[in-house]
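# A closer look at the structure
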Amino acid sequence: MSLAVVMAVAQRKGTPVEELRPLHDVVDPDALDALCTAAEVSVTFSYDGYIVTINGDESVHLEEHS
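Attention here is on the structure that accompanies the text. Keep in mind that this is a model prediction, so the values were computed, not measured.

### Some thoughts on helix α1 (residues 2-13)
Given a rise of 1.5 Å per residue, 12 residues ought to cover 16 Å, and the 17 Å separating the end C-alpha atoms of α1 matches this to within 8%. Burial in α1 covers these residues: Ser-2, Val-5, Val-6, Val-9 and Ala-10. The buried side chains of α1 occupy one side of the element, clustering within an arc of 125° when seen end-on. Residues Leu-3 and Gln-11 are exposed on α1 and point more than 90 degrees away from its buried face. On its buried face, α1 sits against α2 (29-35), β1 (43-47), β2 (50-54) and β3 (60-64).

Here is the structure:
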């Protein structure tokens, strides 16, 4: 899931992945991946100008953060 988050934000911003802030600066990628294996979990955090929400179905939703 951590890779999916980075890819989704890069695509939405229209920028290469390498230009994004490292995800590990805002959330532990290993913990995020582990949490998202449970079907009943929803995780929300701020990352590189977006509010990121990951649902138990592994969908990634982005909302611009002002």
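### Considering the sheet that holds β3
Taking strand neighbours across the sheet as the criterion, the 3 strands line up as β1-β2-β3 in an open arrangement whose pairing is antiparallel. Each edge of the sheet is formed by a strand with only one pairing partner; in this case those strands are β1 and β3. Each neighbouring strand pair of the sheet contributes to a mean axis angle of 20°, computed without reference to strand direction. Taken together, the 5 bridges between β1 and β2 define a ladder with antiparallel strand orientation. Bridged to Ser-46 within β2 is Ile-51. Relative to β2, α1 is tilted by about 140°, and along the sheet it contacts β1, β2 and β3.

### Points about the pairing of β3
Both β2 and β3 contribute to a ladder of 5 bridges, which runs antiparallel. Note on β3: the bridge partner recorded for Ile-54 is Val-60. Where β2 hands over to β3, the hairpin turn is made up of 5 residues, of which Glu-58 adopts a positive phi near 70°.

### Quick notes on the side chain of Thr-15
Relative to the elements of secondary structure, Thr-15 occurs in the loop between α1 and α2. When its relative accessible area of 18% is taken as the criterion, Thr-15 is described as buried. A polar contact of 2.9 Å, which involves the side chain of Thr-15, links it to the side chain of Glu-19. Leaving out residues up to four positions away in the same chain, Thr-15 has contacts with Ala-10 and Leu-20.

Conventions and cut-offs
Residues numbered from 1 in each chain as written. Predicted model: local features only at pLDDT ≥ 70, side-chain atom pairs only at ≥ 80, totals over all residues. Heavy atoms only, no water. Helix = DSSP H or I, 4+ residues; strand = E, 2+ residues; numbered from the N terminus. Expected span 1.5 Å × (residues − 1). Buried < 20%, exposed > 50% of the residue type's maximum accessible area, 1.4 Å probe, protein only. Arc of directions from axis to C-beta. Contact = heavy atoms within 4.5 Å. Pairing = 2+ DSSP bridges. Axes fitted to C-alpha atoms, helices over the stretch in contact; angles between N-to-C directions. Polar contact = N/O pair within 3.5 Å; in protein donor to acceptor, adjacent residues only side chain to side chain.

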